[in-house]
Amino acid sequence: MKILEELGIKPKNIDLYETALTHTSYANEHKCESYERLEYLGDAVLELVMSEYLYKNTDFPEGHMTKMRAHYVCENALYKYSLHVHLNEYLRLGHGEQENGGKFKKVIVADIYEAFAGAIFLDQGIEKAKEFIYKTAIPFVEDPNDIFYDDYKSKLQELVQTDKRSLSYEIVDEQGPAHNKRFTAIVKVDSIIYGKGVAHSKKEAEQEAAKNALEKSVGRHD
């Protein structure tokens with residue numbers, strides 16, 4: 001697997017990496033394991049490494065570090081990390097998913113980044129997993145022009161507070177199996193819906209709703 005060579009990884013168990021890149025559609029067709037369990041593990045590894053990095057390299061209070069971590073482990077961020085190292089090119093997809101552009105679907109491409117980190121952790125240990133994350137994710141954290149560190153909820157809150165208006169979020173829809181939920185959130189300003197967002201976590205859906213509201217210039221008065 002060329003990507004392992006590029007990352008300087010000599011696999012002890014190549015099957016782990018193949019599993020990390022195996023979507024459920026392929027797994028169902030070929031009766032093998034998908035990346036879901038490795039994704040679960042990789043999620044924890046990524047959060048740990050990112051938390052340690054922020055603790056050691058910033059002097060931000062706990063609340064701010066939590067917000068930063070959330071942005072750098074969210075679906076949009078994982079999608080960008082994954083594409084940056086071309087993990088999606090190694091995806092194993094079922095025929096239908098392949099035809100439907102699965103190699104570029106945000107949720108799938110984001111998931112395999114975590115699964116791959118989980119595979120490295122199991123195969124090589126935490127230091128090698130940390131090296132992978134530092135090589136593929138941390139450069140985006142250190143980039144002052146980073147495009148996805150935007151806390152839209154905080155920006156919207158500040159805007160609404162300036163005008164002394166009320167602000168609330170609601171999750172209005174939830175679809176999909178337990179491992180692949182999609183949540184739809186709306187944001188209301190003075191009981192009027194101003195934005196809507198869809199994502200794979202409630203918090204991210206709310207961020208998307210806030211972003212949508214900001215794009216509509218909530219702060220403007222008629």
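Residues numbered from 1 in each chain as written. Predicted model: local features only at pLDDT ≥ 70, side-chain atom pairs only at ≥ 80, totals over all residues. Heavy atoms only, no water.

### Overview of the sheet that holds strand β3 (residues 192–199)
Pairing in this open sheet of three strands is antiparallel, and the strands run β1-β2-β3 from one edge to the other. Bordering the open sheet on either side are β1 (167–175) and β3, each of which pairs with just one other strand. Across the sheet, the axes of successive neighbouring strands diverge by a mean angle of 20°, strand direction being ignored. Sheet analysis places β1 next to strand β2 (residues 182–189), joined by eight bridges and oriented antiparallel. Counted as the bridge partner of D173 is T184 from β2. Relative to β3, helix α12 (residues 202–215) is tilted by about 135°, and along the sheet it contacts β1, β2 and β3. (Pairing = 2+ DSSP bridges. Helix = DSSP H or I, 4+ residues; strand = E, 2+ residues; numbered from the N terminus. Axes fitted to C-alpha atoms, helices over the stretch in contact; angles between N-to-C directions. Contact = heavy atoms within 4.5 Å.)

### As for the packing of aromatic side chains
For the coordinates displayed, the defined rule picks out six aromatic pairs. Taking the centre distance of 5.3 Å and the plane angle of 55° together, the rings of Y81 and Y113 count as tilted. Of this pair, Y81 sits in helix α6 (residues 75–84) while Y113 sits in helix α8 (residues 106–124), and the two are 32 residues apart along the sequence. Neither Y81 nor Y113 differs from the other in exposure class; each is buried. Taken together, the ring pairs connect Y17, Y81, Y113, F116, F132 and F140 into an aromatic cluster. The ring of Y79 carries the charged tip of K106 above its face, separated from the ring centre by 6.0 Å. Directly above the aromatic system of Y169 lies the positively charged group of K153, at a separation of 4.7 Å from the ring centroid. (Phe/Tyr/Trp six-rings, centres within 6.5 Å; stacked < 30°, edge-to-face > 60°. Buried < 20%, exposed > 50% of the residue type's maximum accessible area, 1.4 Å probe, protein only. Lys NZ or Arg CZ within 6 Å of the ring centre and 35° of its normal.)

### Examining unusual backbone geometry
Non-glycine residue K31 carries a positive phi angle of around 55°. Taking relative accessible area as the criterion, K31 reaches 74% and is therefore assigned exposed.

### Some thoughts on the pattern of salt bridges
According to the stated counting rule, one finds nine salt bridges in the structure shown. For E174, the salt bridge identified is with K181, shortest N-O distance 3.3 Å. Three or more residues are tied together by salt bridges with common partners; here these are E52, K56 and K130. (Salt bridge = Lys/Arg side-chain N within 4 Å of Asp/Glu carboxyl O.)

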